[in-house]
Amino acid sequence: MQRVLFFFLIGCICLFSGYSQKPKTYTSSDIYQAVQKLNFLGTALYIAAHPDDENTRLISYLSNDIKARTAYLSLTRGDGGQNLIGPELRELLGVLRTQELLAARSVDGGEQFFSRANDFGYSKHPDETLEIWNKDEVLSDVVRVIRNFRPDVIINRFDHRSPGSTHGHHTSSAILSFEAFDLAGKETAYPDQLKQTDVWQPKRLFFNTSWWFYGSRENFEKADKSKLLQFDIGTYYPIFGKSNNEIASIARSQHLSQGFGRTSSRGTEQEYIELLKGDLPKSNNIFEGINTTWTRIKGGKAIQNILEKVETEFNFKNPSAHIPQLLETYQLINSLDDSYWREVKLKEIKAIIEACSGLFIEANTQNASAVPGENITIAVNAINRSDVDMVLKSVKTNPSNSLHPLNKKLSNNQPFSSEININIPDNSKYTTPYWLADKGSLGMYSASKELRGKPQTPRLVKATFLLEVLGVEIPFEKDIAYKFSKPDKGEVYQPFEILPPVSAAIDNEVIIFSDEHAKEIPVTITSGKDNISGSVTLAHQNGWKISPESFDFSIANKGDTKTVRFTVTPPNNESKISITPTVSLNGKKYDKKLVYIDYTHIPKQSVLLPSEAHLVRLNIKKSGENIGYIVGAGDVVPESLRQIGYNVTTILPEAINSGLLKRFDAVVVGIRAYNVSESIAFKQDILFDYIKQGGNLIVQYNTASRNVREMNDLAPYLMQLSRDRVTDENAEVSFNAKDHPVLNTPNKITKTDFDGWAQERGLYFPDKWGKEFTAVLSMRDKGESKKDGSLLVAPYGKGYYIYTGLSFFRELPAGVPGAYKLFANMLSMGKNEN
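What counts as what
Residues numbered from 1 in each chain as written. Predicted model: local features only at pLDDT ≥ 70, side-chain atom pairs only at ≥ 80, totals over all residues. Heavy atoms only, no water. Helix = DSSP H or I, 4+ residues; strand = E, 2+ residues; numbered from the N terminus. Rg over C-alpha atoms; globule rule 2.2 N^0.38 Å. Buried < 20%, exposed > 50% of the residue type's maximum accessible area, 1.4 Å probe, protein only. Contact = heavy atoms within 4.5 Å. Pairing = 2+ DSSP bridges. Axes fitted to C-alpha atoms, helices over the stretch in contact; angles between N-to-C directions. Core = buried A, V, L, I, M, F, W, Y, C linked by side-chain atoms within 4.5 Å. Arc of directions from axis to C-beta. Phe/Tyr/Trp six-rings, centres within 6.5 Å; stacked < 30°, edge-to-face > 60°. Lys NZ or Arg CZ within 6 Å of the ring centre and 35° of its normal. Salt bridge = Lys/Arg side-chain N within 4 Å of Asp/Glu carboxyl O. Parallel < 35°, antiparallel > 145°, perpendicular 65-115°, else oblique. Nonpolar A, V, L, I, M, F, W, Y, C, P; charged D, E, K, R; others polar. pLDDT = per-residue confidence, 0-100.

Draft legend 1. The arrangement of the overall build of the chain in detail. When its secondary structure is counted, the chain shows 19 helices and 43 strands. Against the globule reference of 28 Å for 834 residues, the chain gives a C-alpha radius of gyration of 29 Å, in line with a compact fold. Taken over 834 residues, the chain has a buried fraction of 56%. Counted over contacts in the chain with a minimum sequence separation of 6, partners at least 24 positions apart contribute 74%.

Set out below in structure tokens:
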């Protein structure tokens, strides 16, 4: 049932958003809505910390009801979260969640911005957050976005006055917004930005409050609301056939990696914002007293007169009847002195003219990618589906900057197509996510000033169609896309990528050597073009032996791969090094791997990352061989366990049965399995019986969600999950039960085994448990009480039940030696006794 619901939601999301599929087309109702938005000159910026923090109800209300230009600034890309739909974590998760935010904005009508802040994981206080982020640099990014976007009003998702009460990233986003509100209007603040932009002073700053921030609905009812604005965001839009909260639910459901797929809501729903800075509106109109008409700019009155008539007399049956008026408007907008509104409104008016005429223009290739220096063929397609006189004068392609004269009259409903050959210049940059191009720090990504704030890398290969419409020349710019068809999907569009001619990857990011024996390390070389020949080496540190020194290779066809195998011999002592496959090709060196992220609700992503693997020489002992791994929210722990010699069988929760489990020396439950699976709760009797008969069950962390809280038998004894966590990966760990087998058998665990952990110690520890459990470890973050619930062990029948909130799903893939030893001890519990 869980999987059926998931794929149903995927289907609904793709149906409504279409973001990753075909170019957007407009109905008459869509065009009318666009004309209304063209007639509104007001902007609103929503600010928070992560993807999925945004209030899609409010963003949709501002964009679709008020008609304001609306955007969401997410300070991070959500790299530090978990992933419920696949294996992507850290940088790759950030890429996935970036695209989910863009998909959400394509539904609710907003735009999207980011800062360079890296989501380094949960933080308990903004002081820690702002130190790791580099407060001044992130603050400069917020100021830059405000100056570029020029919001009249800013709305914070979180409260800057409550440090330590919620995620440090959350409070930090509000603190930075509160400071940036004033700084954006001062020439003395970040003056280097003024070479590319101008100062801007927003009029009002709000906090998007609710009863939740007051602790209860009862407290909220009693609270002073004199500085609060209130509005109903459940309004129904006949033009869309949907309520505002329906649109918001669909937008919210784009965050599938975070498990936010959900059913729609409808009906009256109140939203509240509290004034923090600026003058308080007398009504619930957030833009009260702010001129949001065309008269706010010089030369705007004439535009307003035309557009008000278009809006009042809009012809839903034949929108092309308005093109003469729209062309006059286009020319007036094009002559405006105000560069900000000229750029914004030119984009809007051109889209409306294109839609009113039924104009469809596109430039596609039959190749998903090309390399710098390569020649490609572009198919140009155009059709005018109106009686308006129209001539396709030329197509200009970039980055080659080549002009292709056409002078083709586009008669009503007569398709035109042509092919153009262009060259991708040798100095073209790769179209990988720009914030990953250079190495950043724990708290900050690196990005050039020109790209800061942008949601993604701008497409490099474009086609500009110059059309003459009723004697008026208008350029229409289109990204060149890869277009193809699949029997099970129909017509599909993907981003066209510029990629290197070769990439190399090692399948496993961490390779464990549990003894002194050599292993073969396969390196897979992928060709980005036809007919390449070169050599590959493994760059490494001393102390390890790798042979041969290099391999020569040849690959005939683009997209084909060749795998070579290096023999790696570890040292006798424990050691950890990094290796990098480096390809030499035509006098150049390439050391990147190419990773694809491909889900139906986002465009396919091509990501270049440093090609690197960690080799770990580990003196590890273990008991037992066969492990059953019950699938949870998605992690690579099974692969990690295979690295140290276990035979791991993955098990779907619905497939759990007694006959299957008795084959295993131990059974591990994947992270958040009880959160994402409906069926596992009904398998508890089978799991407990497995333990009684001598089995060893290890349950990894789950959140204290409603379905888990309502379970009375998550463990065979009393155990209550909480939100307790230790976020400092270097927090001191003490042993409550130093003689317990899990710390001694078959590997002796010492405090040094907790060195080098990644991102955190653990999360969602139980805070209450029965006397049958032994709380093995104790740890705490600075200034907090100790947390003893990270590792609980209890005998049950002939076996053991173990619950752990330790972040093994991060530590094992990171190659942390102590994490491997402790996990092996957990798997070995009871084996020596038997």
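Draft legend 2. Looking closely at the sheet that holds strand β16 (residues 462-469). Spatially, β14-β13-β16-β17 is the arrangement adopted by the four strands of the open sheet, whose pairing is antiparallel. The open sheet is flanked by β14 (402-409) and β17 (472-479), the only strands paired with a single partner. Taking the axes of each pair of neighbouring strands and ignoring which way they run, one obtains an average angle of 20° across the sheet. In the packing of helix α11 (residues 323-334) onto the sheet, the strands contacted are β16 and β17, and the crossing angle to β17 comes to about 85°.

Draft legend 3. Unusual backbone geometry, seen in detail. Cis geometry is found at the peptide bond from S547 to P548, where omega equals -5°. By secondary structure assignment, the location of P548 is in the loop between β25 (545-547) and β26 (550-555). With an omega of -5°, the peptide bond between T745 and P746 qualifies as cis. Along the chain, the position of P746 falls in the loop between β38 (733-735) and β39 (762-769). At R672, a residue that is not glycine, the phi angle is positive and equals roughly 55°.

Draft legend 4. Representation of the nonpolar core within the structure. One finds Y801 and L822 to be the most contacted residues of the largest nonpolar core, which totals 81 residues. Take this core: its biggest share by element is seven residues, from helix α19 (residues 817-828). Membership of the second largest hydrophobic core comes to 56 residues, among which are F314, V344, V395 and I480.

Draft legend 5. Local environment of helix α5 (residues 126-133). Among the residues of α5, P126, T129, L130 and W133 are the ones counted as buried. Take α5 and look down its axis: the buried residues cluster within an arc of 90°, on one side only. Within α5, the exposed residues directed more than 90 degrees away from the buried face are D127 and E131. Packed against the buried residues of α5 are α6 (135-149) and α7 (168-183). N134 lies just past α5 and shows a positive phi near 75°.

Draft legend 6. Structural view of the packing of aromatic side chains. Across all of its chains, the model carries 27 aromatic pairs by this definition. Taking the centre distance of 5.7 Å and the plane angle of 80° together, the rings of Y717 and Y796 count as edge-to-face. Here the residue Y717 occupies a position in the loop between α17 (706-709) and β37 (719-726), and Y796 occupies one in strand β42 (residues 791-796), the gap between them amounting to 79 residues. Given the relative accessible area of 21%, Y717 is considered partly exposed. Looking at Y796, the relative accessible area reads 16%, which means it is buried. A centroid spacing of 6.1 Å and a plane angle of 70° characterise the contact between F773 and Y801, whose relative ring orientation is edge-to-face. Residue F773 is found in the loop between β39 and β40 (774-775), and its partner Y801 is found in strand β43 (residues 799-804); the two are separated by 28 residues along the sequence. Look at Y801 and you get buried, because its relative accessible area is 0%. Members of the aromatic cluster, connected to one another through ring pairs, are F688, Y717, F773, Y796 and Y801. The ring of F178 carries K277 above its face, with NZ or CZ at 3.9 Å from the centroid. One Lys or Arg, R725, reaches over the ring of Y122 and ends 3.9 Å from the middle of that ring.

Draft legend 7. Main features of the side chain of H322. The topology assignment puts H322 in the loop between α10 (300-312) and α11. The exposure class of H322 is buried, given its relative accessible area of 5%. Those residues within four positions of H322 in sequence are excluded, and the remaining contacts are V310, E313, F314 and N315.

Draft legend 8. Here's a closer look at the pattern of salt bridges. Under the counting rule described, the total for this entry stands at 40 salt bridges. A salt bridge links R57 to E271; the shortest N-O distance between them is 3.4 Å. Of this pair, R57 sits in helix α3 (residues 56-65) while E271 is found in strand β9 (residues 270-277), placing the two residues 214 residues apart along the sequence. Take R57: its relative accessible area is 27%, and that puts it in the partly exposed class.

Draft legend 9. Focus on the packing of α5 against α7. It is at 8 Å that the axes of α5 and α7 come closest, and there the two elements cross at 75°. With respect to α7, the axis of α5 lies roughly perpendicular. When α5 is examined against α7, the residues P126, T129, L130 and W133 are found in contact with a partner set consisting of G168, H169, T171, S172, I175 and L176. For the contact of α5 with α7, the per-class residue count stands at five nonpolar, five polar and no charged.

Draft legend 10. Main features of the confidence of the model for the chain. Predicted confidence across the chain gives a mean pLDDT of 93, with 97% of residues reaching 70 or more. Within the model, the stretch residues 1-20 combines pLDDT values under 50 with 34 contacts to residues more than four positions away or in other chains.

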